[in-house]
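# A closer look at the structure
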Amino acid sequence: MRIPLFELNWDENEERAVLEVMRSGWISMGPKTREYEAALARFYGVRFALAASSGTSALLLAYMSLDLKGYDVILPSLTFVATANALTFVGARPVFADIRSPDMPLMSAETVERVLTSKTKAVVFVSYAGYGDTLSEVKDLCESKGIILIEDASHSHGAKYPGGMAGTFGKVGAFSTFANKNLSTGEGGYLITDDPQIYAWAKLLRSHGMTSSSWERLEGKEEMYDVVAVGLNLRPDEIRSAIGLENLKKLPAENRRRRNLVSLYRKLIAKELPEVSVPFPPSSPSAHYIFPVLLPEGVDRDVVRKRMYEAGIYTSIHYPPVHRFKVYDTGITLPNTEEYAQRTLTLPLWGRMDRERVVRVVETLKLVLRRV
Ligand SMILES: Cc1ncc(COP(=O)(O)O)c(C=O)c1O
């Protein structure tokens, strides 16, 4: 029995949606994308949703719309490098904040406050693994300091926290719908906002600052276009928007299944592997994008991963800390992030994973840990 890290939940519904678009003859951004965006806005209860070609594109659009050039922007180092790269591309300076602790691997108001500067314009909160336990306190801090809150909610599609859904706490929430995300279009992303100005800018910049799209011109709404800002091509296409529309219907059930599997993982680990700890309180709401655990201190994680792989079980590391990558290494230390990154191991998780496989992963990890 091979156990991958993740399996897609696409089926005949996504297949049908793709075929429909192919047969319609219109595959670049058009009516399906609009339908997808309207469905996303309804789902999150926000005024505006804008689909993009990737999560990185959604982040770029969010950052560009907020005019962050020349400012400091605080973000966690425990994230995928895209959160930082998009900031660098728009001319902002990424300033890395530590996580609160290895048990609560999120930035906190205190860790953010520690790295505030007179040039801080925004904070990007990453709801790592799908959790948002410290999001409200970071939001309160941002409000009290007059700083913009942005969410990189790529891990938390559809997560409901006390105080609202992931992506709706700040000025704008950006999401990736990359292949392995809870909501998947292969490549893709979207942003959500209640702010008409951010939406208008993001929409313009998504398509070279042009005042109308090809589809709008075909519909006869506009004869000619003007270019009123320097944008890029960060557009989604109709095939992916159609997939997103279908896949969004599955998201609530996908997240429920993941929650049940994580409960089982937690129960088995508490019983069979007390030396392994699971970050975040068991009752914390999450989209359960990934299931990271902390190996005991001093265990050779590479050997554990190799043995797990030999037993047919794939694992991963989320994440190597961004402040230690060559292009971002300014010599700072973030002790909690570094400890977490050294000990963390991501175990397989996807919505349709069966309980037998969860048992098998825990049993195998127990055997492997006994021998290393
Ligand atoms: C936290 C986070 N931010 C940003 C991204 C970038 O998204 P994409 O790969 O769709 O550009 C990802 C995707 O892996 C992510 O996990």
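These figures come from a predicted structure and were not determined experimentally.

### Quick look at the overall build of the protein
Helix and strand counts for the protein come out as 12 helices and 11 strands. A compact globule built from 372 residues would reach a C-alpha radius of gyration of about 21 Å, and the protein, at 21 Å, matches this within 12%. The C-alpha extent of the protein, read off along each of the three principal axes, is 70 × 55 × 35 Å. Counting every position in the protein, which comprises 372 residues, the buried fraction comes to 48%. Looking at the protein alone, contacts between residues at least 24 apart form 72% of all its contacts between residues at least 6 apart.

### A closer look at the site of the ligand
In the vicinity of the ligand, 14 residues are found, and the nearest of them are Ser54, Gly55, Thr56, Ala82 and Ser176. Those elements that place two or more of their residues in the shell around the ligand are helix H3 (55-65) and helix H4 (82-89). Its residues assigned to classes, the shell around the ligand comprises 4 nonpolar, 9 polar and 1 charged.

### Brief notes about the domain arrangement of the protein
A common measure of how large an interface is: the accessible area buried when the components associate. Each domain of the protein was delimited in the assignment, giving domain 1 (12-248) and domain 2 (251-371). Using only C-alpha atoms to locate each centre, domain 1 and domain 2 end up separated by 26 Å. Opposite the 32 residues of domain 1 that make contact, domain 2 presents 30 residues. If you list the elements that add at least two residues to the side of domain 1 that touches domain 2, you get strand S3 (93-97) and strand S6 (160-161). Per-class residue counts for the side of domain 1 that touches domain 2 are 17 nonpolar, 9 polar and 6 charged.

### Details of the sheet that holds strand S2 (residues 72-76)
Adjacent strands of a sheet pair through backbone hydrogen bonds, lying either parallel or antiparallel. Pairing within the open sheet is mixed, and its 7 strands lie in the order S1-S9-S8-S5-S4-S2-S3. With partners counted over all chains shown, the strands left at the sheet margins are strand S1 (48-52) and S3, one partner each. Within this sheet the neighbouring strands show an average axis-to-axis angle of 20°, counted without direction. Sheet topology places S2 next to S3; 5 bridges connect them, and they run parallel. Bridge pairing links leucine 75 to phenylalanine 96 in S3. Sitting on the sheet, H3 touches S1, strand S5 (148-152), strand S8 (172-176) and strand S9 (189-193), and the angle it makes with S8 is about 165°.

### What to know about the packing of H3 against helix H7 (residues 196-206)
Packed helices, taken two at a time, are described by the angle between their axes plus the distance between the axes. Direction vectors running N to C along H3 and H7 enclose 125°, while the axes themselves pass 9 Å from each other. On the basis of their axis angle, the class for H3 and H7 is oblique. At the point where H3 passes H7, the crossing takes the right-handed sense. For the pair H3 and H7, contact is made by Leu61, Ala62, Met64 and Ser65 and by Ile198, Trp201, Ala202, Leu205 and Arg206, respectively. Residues belonging to the contact of H3 with H7 are distributed by class as follows: 7 nonpolar, 1 polar and 1 charged.

### Comments concerning the nonpolar core
Residues Leu61, Ala62, Tyr63, Val73, Tyr190 and Leu191 are the most contacted members of the largest nonpolar core, which totals 107 residues. No other element matches the 8 residues that helix H9 (residues 238-272) contributes to this core. Inspection of this core shows a minimum of three residues originating in each of domain 1 (12-248) and domain 2 (251-371). Every residue in contact with leucine 61, bar those within four places of it in the chain, is listed here: Ala52, Leu191, Ala202, Leu205, Arg206 and Leu234.

Conventions used here
Note on numbering: residues in each chain are counted from 1, in written sequence order. Since the coordinates come from a predicted model, pLDDT governs what is reported: local features require at least 70, and pairs of side-chain atoms require 80 or more to be given and counted, while whole-chain, interface and lining totals use all residues. Note on conventions: DSSP H or I runs of at least 4 residues are helices, E runs of at least 2 residues are strands, and numbering of each starts at the N terminus. All radius of gyration figures rest on C-alpha atoms, and the globule criterion is 2.2 Å times the number of residues raised to 0.38. Labels follow a simple rule on C-beta atoms placed from the backbone: if 20 or more others lie within 10 Å of a residue's own, it is buried; if 12 or fewer, it is exposed; otherwise it is partly exposed. Any residue pair is listed as a contact if its two C-beta atoms, each placed from the backbone, are within 7 Å. As a rule, any residue with its backbone-derived C-beta atom within 6 Å of a molecule or strand is reported as near that molecule or strand. When residue character is reported, Ala, Val, Leu, Ile, Met, Phe, Trp, Tyr, Cys and Pro are called nonpolar, Asp, Glu, Lys and Arg charged, and the others, Gly included, polar. What counts as a domain boundary in this text is fixed by an automatic or database domain assignment. The pairing criterion for strands is at least two bridges between them, as found by DSSP. Angular values range over 0 to 180 degrees, each being the angle between N-to-C directions of two axes fitted as lines to C-alpha atoms, with helices fitted over their stretch in contact. With respect to orientation, any angle under 35 degrees is reported as roughly parallel, any angle over 145 as roughly antiparallel, any angle of 65 to 115 as roughly perpendicular, and every other angle as oblique. With the far helix as reference, a near helix turned anticlockwise by less than a right angle produces a left-handed crossing, and one turned clockwise produces a right-handed crossing. In this usage, the nonpolar core is the set of buried Ala, Val, Leu, Ile, Met, Phe, Trp, Tyr and Cys residues whose C-beta atoms join them within 7 Å.

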